[in-house]
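In case you want the letters, here they are:
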Amino acid sequence: MIRTVALVGHAGSGKTTLTEALLFHTGAKERMGRVEEGTTTTDYTPEARLHRTTVRTGVAPLLYRGHRVFLLDAPGYGDFVGEIRGALEAADAALVAVSAENGVQVGTERAWTVAERLGLARMVVVTKLDKGGDYYALLEDLRSTLGPILPIDLPLYEGGRWVGLIDVFHGKAYRYQEGREVEVAVPEAERERAERFRQEVLEAIVETDEGLLEKYLEGEEVTGEALEKAFHEAVRKGLLYPVALASGEAGIGVLPLLDLILEALPSPTERFGEGPPLAKVFKVQVDPFMGQVAYLRLYRGRLRPGDSLQSEAGQVRLPHLHVPMGKDLLEVEEAEAGFILGVPKAESLHRGMVLWQGSRPESEEVPFARLPEPTCPWPFTPRGAPTRPGWGRPCGSSWRKTRA
Ligand SMILES: Nc1nc2c(ncn2[C@@H]2O[C@H](COP(=O)(O)OP(=O)(O)OP(=O)(O)O)[C@@H](O)[C@H]2O)c(=O)[nH]1
Ligand SMILES: [Mg+2]
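## So, the overall build of the chain
Step number 1: Scanning the chain from terminus to terminus reveals eleven helices and 21 strands.
Step number 2: For 404 residues, the compact-globule estimate of 2.2 N^0.38 gives 22 Å, and the C-alpha radius of gyration of the chain, at 22 Å, lies within 12% of that figure.
Step number 3: Taking the principal axes of the C-alpha coordinates as reference, the chain spans close to 80 × 45 × 40 Å.
Step number 4: Here the chain holds 404 residues, and 43% of them are scored as buried.

## Quick look at the environment of Ile-166
Step number 1: The topology assignment puts Ile-166 in strand E8 (residues 161-167).
Step number 2: Taking the C-beta count within 10 Å as the criterion, Ile-166 has 24 such neighbours and is therefore assigned buried.
Step number 3: The spatial distance from the C-alpha of Ile-166 to the C-alpha of Gly-358 is 50 Å, given a sequence separation of 192 residues.
Step number 4: Contacts of Ile-166, omitting those with residues within four sequence positions, involve Asp-153, Leu-154, Leu-156, Ala-173, Val-186, Glu-190 and Ala-194.

## A short note on the sheet that holds strand E3 (residues 67-73)
Step number 1: Strand order across the open sheet formed by seven strands is E2-E3-E1-E4-E5-E11-E6, with mixed pairing between neighbours. The sheet terminates laterally at strand E2 (58-64) and strand E6 (149-151), the two strands that pair on one side only. When the angles between neighbouring strand axes are averaged without regard to direction, this sheet yields 25°.
Step number 2: Bridge count for strand E5 (residues 121-127) against strand E11 (residues 241-245) is three bridges, and the pairing is parallel. Bridging across to E11, Val-124 finds its partner in Val-243.

## Structural notes on the pairing of E2
Step number 1: Of all seven residues in E2, five are buried; the element is thus mostly enclosed.
Step number 2: Pairing of E2 with E3 involves seven bridges; the strand directions are antiparallel. What sits directly across from Pro-61, in E3, is Phe-70.
Step number 3: The turn joining E2 and E3, which pair antiparallel and follow one another in sequence, is formed by two residues; a positive phi near 50° is taken by Arg-65.

## Describing the domain arrangement of the chain
Step number 1: Each domain of the chain was delimited in the assignment, giving domain 1 (2-266) and domain 2 (273-378).
Step number 2: Inter-centroid distance (C-alpha atoms) of domain 1 to domain 2 is 28 Å.
Step number 3: Listed by contribution, the elements that provide at least two residues to the side of domain 1 that touches domain 2 are strand E1 (2-9), E2 and helix H3 (81-90).
Step number 4: Sort the elements by how many residues they give to the side of domain 1 that touches domain 2 and H3 lands first, with eight residues.

## Quick look at the site of ligand 1
Step number 1: Among the 22 residues in the neighbourhood of ligand 1, the closest are listed as Gly-14, Thr-16, Thr-17, Thr-54 and Gly-76.
Step number 2: Here the residues of the shell around ligand 1 sort into five nonpolar, eleven polar and six charged.

## So, the sheet that holds strand E7 (residues 153-158)
Step number 1: Taken together, four strands build an open sheet; the order of strands is E7-E8-E9-E10 and the sheet is antiparallel. Across the chains shown, the open sheet's two edge strands, defined by having one partner strand only, are E7 and strand E10 (180-184). Put simply, the sheet's adjacent strands are angled 35° from each other on average, direction ignored.

## Regarding helix H4 (residues 106-117)
Step number 1: Helix length check: H4 (twelve residues) gives 17 Å between terminal C-alpha atoms against 16 Å at 1.5 Å per residue, within 8%.
Step number 2: When H4 is considered as a whole, its buried residues turn out to be Gly-107, Thr-108, Ala-111, Trp-112, Val-114 and Ala-115. Axial view of H4: buried residues confined to an arc of 165°, hence all on one face. Facing away from the buried surface of H4 by more than 90 degrees, the exposed residues are Val-106 and Thr-113.
Step number 3: On the buried face of H4, the contacting elements are E1, H3, strand E4 (93-99), E5 and helix H5 (135-146).
Step number 4: With its phi angle positive at about 70°, Gly-119 sits one or two positions after the end of H4.

## Quick word on the packing of helix H1 (residues 15-25) against helix H9 (residues 254-264)
Relative orientation and spacing of two packed helices are given, respectively, by the angle between their axes and the distance between those axes.
Step number 1: Close contact between H1 and H9 brings their axes to 9 Å; oriented N to C, the two are set at 90°. The orientation of H1 relative to H9 falls into the category roughly perpendicular. From H1, Ala-21, Leu-22 and His-25 reach across to H9, where they touch Val-254, Leu-255 and Leu-258.
Step number 2: Its residues assigned to classes, the contact of H1 with H9 shows five nonpolar, one polar and no charged.

## Considerations on the nonpolar core
Step number 1: By size, the foremost hydrophobic cluster in this structure holds 104 residues, and its most contacted members are Ala-6 and Ala-94.
Step number 2: Both domain 1 (2-266) and domain 2 (273-378) contribute no fewer than three residues apiece to this core.
Step number 3: Not counting chain neighbours up to four residues away, the residues in contact with Ala-94 comprise Ala-6, Val-8, Leu-88, Ala-111, Ala-115, Leu-120 and Arg-122.

Each value, and the rule that gives it
Residues numbered from 1 in each chain as written. Chains lettered and ligands numbered in written order. Predicted model: local features only at pLDDT ≥ 70, side-chain atom pairs only at ≥ 80, totals over all residues. Helix = DSSP H or I, 4+ residues; strand = E, 2+ residues; numbered from the N terminus. Rg over C-alpha atoms; globule rule 2.2 N^0.38 Å. Buried ≥ 20, exposed ≤ 12 C-beta atoms within 10 Å, placed from the backbone. Contact = placed C-beta atoms within 7 Å. Pairing = 2+ DSSP bridges. Axes fitted to C-alpha atoms, helices over the stretch in contact; angles between N-to-C directions. Domains from an automatic or database assignment. Near = placed C-beta within 6 Å. Nonpolar A, V, L, I, M, F, W, Y, C, P; charged D, E, K, R; others polar. Expected span 1.5 Å × (residues − 1). Arc of directions from axis to C-beta. Parallel < 35°, antiparallel > 145°, perpendicular 65-115°, else oblique. Core = buried A, V, L, I, M, F, W, Y, C linked by C-beta atoms within 7 Å.

Right, here's the structure in full:
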């Protein structure tokens, strides 16, 4: 299975920390980096490290239980709107991080709206509950601002400290010790609430599926596979938005989040079907060593090293295939639908370019998130004629950076 997911949300909601925890807990990294120390994989630019905030979308390819998940860790600050929209264009679903400490913020709603316009399946992850916050009040807030949410985790507290999760679906509780998950009994005081949530979740799912609703109304028990299938179907169609609970910092709920991503979010084939390769450049970045790197999302088809793609500007040959991992490009032997690829020395590619094999795709086939009009566009012209050789290059690169 492949899942390609954009992690979006308000600035500081814990996206990069969660991405880092996912890399660490799936074994891609031996040590978990920290935003504060500038050691994370996805906050890799000097600006991000200096300001402790994501400036460019970072790609984290994860391998989990034999499946591949491409996580796009987008910036939260609205100033980097191009990067946020690019990440959503490249993804099949949006994972929206909301900090329990700060609740729904302007960056949450902005990212949500763009994902909605793109018709993406959406899911919420509540972070930073270890810092405090009222989870149940937050759920109400999420329901009133975002719509039909489906809380699938409840917090498990011990002596007032958040230590784990109650899995609403299965009525089980898990405590986390140094990142390890240990099943424990659902505390007596939480049983009634957990059962009430289970019933609510069940009814919300049943309402999205006529066959199940009939059974339910006739008094038949609705459980197991049929219910899970209806749940996944509802999420894929964007009828329900699951809310999970995780903290990269506290090491709670990190891998269950990946399970949910794999089970509930749509696959590339479900969205784009089978067919010849179709890709889009969702961002470009100028690297001092690799020149201009173009980041592609392969929506459909398969690619091998040496393949070529068509574009409006002519043929693009891909002698090698690379998957980005933060600042690095890792060579791969094949890419399939859902892959994010980094193409170094791609001077002829620019953001928004569509690449294909076979017949030219219709514009509706390719996701497109319009960039907002600049509020204050300022043209600038050099004083006198540019005479120094290579003068245009730095200007060109900052222009491309601005467009990206
Ligand atoms: N206690 C606690 N701190 C967290 C958690 N998640 C993130 N943090 C801290 O919150 C700060 C911001 O976290 P980031 O992971 O950079 O958040 P972000 O959403 O990537 O931020 P932007 O890239 O600026 O949008 C950092 O200092 C993290 O260490 C959490 O679950 N618990
Ligand atoms: Mg970040």
